[in-house]
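Results of the structural survey
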Amino acid sequence: MPFWVKNGGGYAKPTGYWVKHNGVWTWIKEAWVKDAGVWKKYWPNVVPPSLVEYLIVAGGGGGGHDGGGGGAGGYRTGSVAIPAGVYNVIVGGGGPPRDSTSGANGNESSFAGIVATGGGGGAYSIGPAGAVGGSGGGGAYTQPGGSGIGGQGNSGGNGVGGTIAGGGGGGGGAAGLSATGPNAPGNGGPGSSWVNGSYYAGGGGGCTQAGSGAQSSGGIGGGGKGGAHSVGNTGTDGAPNTGGGGGGVSGFGGQLARAGGSGIVILRYPDIYSIAASVAGAEYSQTGGYHWYRFTGTGSIGF
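To start, this report covers the structure provided alongside it.

About the criteria used
- Residues numbered from 1 in each chain as written.
- Predicted model: local features only at pLDDT ≥ 70, side-chain atom pairs only at ≥ 80, totals over all residues.
- Heavy atoms only, no water.
- Helix = DSSP H or I, 4+ residues; strand = E, 2+ residues; numbered from the N terminus.
- Buried < 20%, exposed > 50% of the residue type's maximum accessible area, 1.4 Å probe, protein only.
- Areas by Shrake-Rupley, 256 points an atom, 1.4 Å probe, with all protein chains shown as cover.
- Salt bridge = Lys/Arg side-chain N within 4 Å of Asp/Glu carboxyl O.
- Phe/Tyr/Trp six-rings, centres within 6.5 Å; stacked < 30°, edge-to-face > 60°.
- Lys NZ or Arg CZ within 6 Å of the ring centre and 35° of its normal.
- Pairing = 2+ DSSP bridges.
- Contact = heavy atoms within 4.5 Å.

1. Thoughts on the overall build of the protein
- The secondary structure content of the protein amounts to zero helices and 16 strands.
- Looking at the protein residue by residue over its 303 residues, the buried ones come to 51%.
- Of the roughly 12300 Å² of accessible surface on the protein, a fraction of 55% belongs to carbon and sulfur atoms.

Below is the structure:
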């Protein structure tokens, strides 16, 4: 609840209080005041933030059958001006697992009109190229990897002719690697780290043709491993809430290419400003001099 004080002939909102406790003056940012018999919290710093820093990561693309790894979901960071109002937050899901076809693209994430594009699905060995996305899906056989979107991600690696070994999906930090032989699939491109020290948007690894071949790795930041041409080497999904691409998997033994990981939206601003007036669907914390709001699904925030 805001209030104004007169200072130097004009009125202003205070940013805090000096309170003497046991002979020591202490600066505080909030106070409890009894109003009509009810204790209420008064925040002096009720002005909403002028800028909010954001991380927006879309859902990762699914891996391709006999082919490339899924591209990471689009990775966007920056700060945005926030007029008073309520803002919807959308967190995109990853592309689902698939059989005998190219990988599915991930779904977009968004906040305040800023959209991160879903990762591109990995290529199918006898189908089209890796799909375009936030980061592009990896290629397969003679199919090239898909392109990434500028400012969001990177391209997927290429497949290699004469084999079903797939290229790695592109990551938020770098392109996926190309396959170079039946036992040498492409690794997923690495993701990028944000200010919280965590990595997001790693690309999925491409599939290996031979069961004895080296299994590709997913890119740091949630990318899934690629699978080999054997029942016991199935590859992995992109990690949840990282936007990581799913691993490409050989269809031998009825295996499904792996799913992309869901995205995430994280917002923060200095804690000299008030907490948000309304929040739905977010985890809140206050640390390091910031208010943090972490969305792993659809929600909203109001200032």
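2. Remarks on the pattern of salt bridges
- Overall, the coordinates contain three salt bridges when judged by the stated rule.
- In this structure, E53 and R268 form a salt bridge, with 3.0 Å as the shortest nitrogen-oxygen distance. Residue E53 is found in strand β7 (residues 51-57), and its partner R268 is found in strand β14 (residues 264-270); the two are separated by 215 residues along the sequence.
- For R268, a relative accessible area of 10% translates into the label buried.
- In this structure, E283 and R294 form a salt bridge, with 3.5 Å as the shortest nitrogen-oxygen distance. Pair noted here: E283 is in strand β15 (residues 278-287) and R294 is in strand β16 (residues 290-302), with a separation of 11 residues, a long-range link.
- By relative accessible area, which is 48% here, E283 ends up partly exposed.

3. As for the packing of aromatic side chains
- Tallied over the full model, the rule gives seven aromatic pairs.
- Note on Y87 and F303: the rings are 6.4 Å apart at their centroids and 55 degrees apart in plane angle, and the pair reads as tilted. On the criterion of sequence distance, the pair formed by Y87 in strand β9 (residues 86-90) and F303 in the segment after β16 is long-range, its members being 216 residues apart. Considered together, Y87 and F303 belong to a single accessibility category, that of buried residues.
- Summarising the aromatic geometry, the rings of Y269 and Y293 are spaced 6.1 Å apart at their centres and angled 20 degrees between planes, so their arrangement reads as stacked. Of this pair, Y269 sits in strand β14 while Y293 sits in strand β16, placing them 24 residues apart in sequence. The pair Y269 / Y293 is uniform in exposure class, with both members buried.
- An aromatic cluster of three or more residues is present, and its members are Y87, F111, Y269, Y284, Y293 and F303.
- Geometry around Y290 places R268 over its ring, the cationic atom sitting 3.6 Å from the centre.

4. Digging into the pairing of β9
- The alternating pattern of β9 places Y87 and V89 on a buried face, while none of V86, N88 and I90, on the opposite face, is buried.
- Pairing of β9 with strand β10 (residues 109-111), which is carried by two bridges, proceeds in the antiparallel orientation. Within β10, the position partnered with V89 by the bridge is F111.

5. Focus on the environment of G162
- Assignment of secondary structure puts G162 in the loop between β11 (114-116) and β12 (192-193).
- According to the relative accessible area criterion, G162 is exposed, its value standing at 65%.
- For the pair G162 and P182, spaced 20 residues apart in sequence, the C-alpha separation works out to 8.1 Å.
- Non-local contacts of G162, meaning those with residues more than four positions away in its chain, are made with Y141 and Q209.

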